[in-house]
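Close look at the chain arrangement
Read off the chains here:
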Amino acid sequence: MILIDIHQHPLHIKEIVDQDPALEKYVKDVYGVYSSPHSLASHMYQLDAAGIEKAVIMPIDCTTAHGCKLVTNEQISWLMEKNSRFIGFASVDPKSPNAVVELEKSIKEYGLKGLKLDPSLQQFDINNKDYAYPIYQLCCELDIPIFFHCGMSLSPIGQAALAHPLMLEKVIQDFPALKVIIAQFAWPWVSEAFMLGVKYKNVYFDTSILFSGTPSDSVRQVLEQQIGLNNIKRSLAKQIVFGSNAPRVDPKRLVWAVQDLQLNPKLEANIFHDNAAVLLDLDRRNEG
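The next point concerns the nonpolar core. In this structure, Leu70, Leu103 and Tyr136 are the most contacted members of the largest nonpolar core, which totals 84 residues. With residues up to four places along the chain from it excluded, the contact list for leucine 70 reads Leu11, Leu23, Tyr26, Val27, Val30, Tyr31, Pro59, Ile60, Cys62 and Leu121. In terms of nonpolar packing, the next biggest core, distinct from the first, is built from 16 residues, Ile6, Phe147, Val241 and Leu280 among them.

Set out below in structure tokens:
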């Protein structure tokens, strides 16, 4: 089985850090990760150790909120050229007047396959019809998913109130063709997120759940105890995708966390590969 990790940030790849002397400081002060950079070769070894064949890498454009880009769309494209195992998402600053143009360029010219938005860190209103809705409309036209960070922000300056999952419901209703991925089941608002997934089949969730103890503890509490594995099997079998949120978490620890649930083989295959392959349209891309 080809394991797909739909949630990684290449903030600590040394070859990227070397291109931007300020990045290491922003990673610590804005994003809140304090470990040292490692080489691209080391990063690929980390993927191998976790059994990950494909990894979605994404930046976060925090220009308006914090005066920085946590990796640029151009750098994501550069990494994709360096290694075909990477699938790139773009990020744009929703409050920038050039956001729509930048996103279209990133998809059509750089070959990126989705959009990453983090309302808590970028500090924007999900429901703003002046600057956010044109971005959602373009994503529908381009047929690309949006990966929303929702729930707790581990950034020291992130504002979780801006990332409540219920703020997405109006967006989902207004853009029924939009593919929405909600990070970490929007913890602590798990019940509200689950409701969205039950009601709207174009809503997906990733497994990057870490709030206390080990990833296995957090994943088990949310998926087994709060939602229930039977509910996942019945209602969300095709809407959960594996995501590690590296470098916050070693990807293999999230792989172990999902495996520890001892899901039936079909559901586990859905989470580790099949759902992401459909969401990212990998089969059609491979044919092309």
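Taken in spatial order, the 3 strands make up an open sheet running S1-S2-S5, and their pairing is parallel. On the outer flanks of this sheet lie strand S1 (3-8) and strand S5 (86-88), each paired with one strand and no other. Between one strand axis and the next, the sheet turns by 25 degrees as a mean value, whatever way the strands run. Helix-sheet contacts for helix H3 (residues 40-50) involve S1, strand S2 (52-57) and S5, and the interaxial angle to S5 is about 105 degrees. Sheet strands in contact with helix H5 (residues 73-82) are S2 and S5, and its direction is about 155 degrees off that of S5.

What follows covers the packing of helix H13 (residues 251-259) against helix H14 (residues 265-279). When two helices pack together, their arrangement is captured by the angle between the axes and the distance separating the axes. It is the contact of H13 with H14, at a shortest axis distance of 11 Å, that shows an interaxial angle of 160 degrees. Overall, the two elements H13 and H14 adopt an arrangement that is roughly antiparallel. Handedness of the H13/H14 crossing: right-handed. On the side of H13, the interface is formed by Val255, Val258 and Gln259, while H14 contributes Glu268, Ile271 and Phe272. Taken together, the residues that form the contact of H13 with H14 break down as 4 nonpolar, 1 polar and 1 charged.

Rules used throughout
Residues numbered from 1 in each chain as written. Predicted model: local features only at pLDDT ≥ 70, side-chain atom pairs only at ≥ 80, totals over all residues. Heavy atoms only, no water. Core = buried A, V, L, I, M, F, W, Y, C linked by side-chain atoms within 4.5 Å. Buried < 20%, exposed > 50% of the residue type's maximum accessible area, 1.4 Å probe, protein only. Contact = heavy atoms within 4.5 Å. Pairing = 2+ DSSP bridges. Helix = DSSP H or I, 4+ residues; strand = E, 2+ residues; numbered from the N terminus. Axes fitted to C-alpha atoms, helices over the stretch in contact; angles between N-to-C directions. Parallel < 35°, antiparallel > 145°, perpendicular 65-115°, else oblique. Left-handed = near helix turned anticlockwise from the far one by under 90°. Nonpolar A, V, L, I, M, F, W, Y, C, P; charged D, E, K, R; others polar.

Bear in mind that shape data such as this cannot, by itself, settle questions of function.
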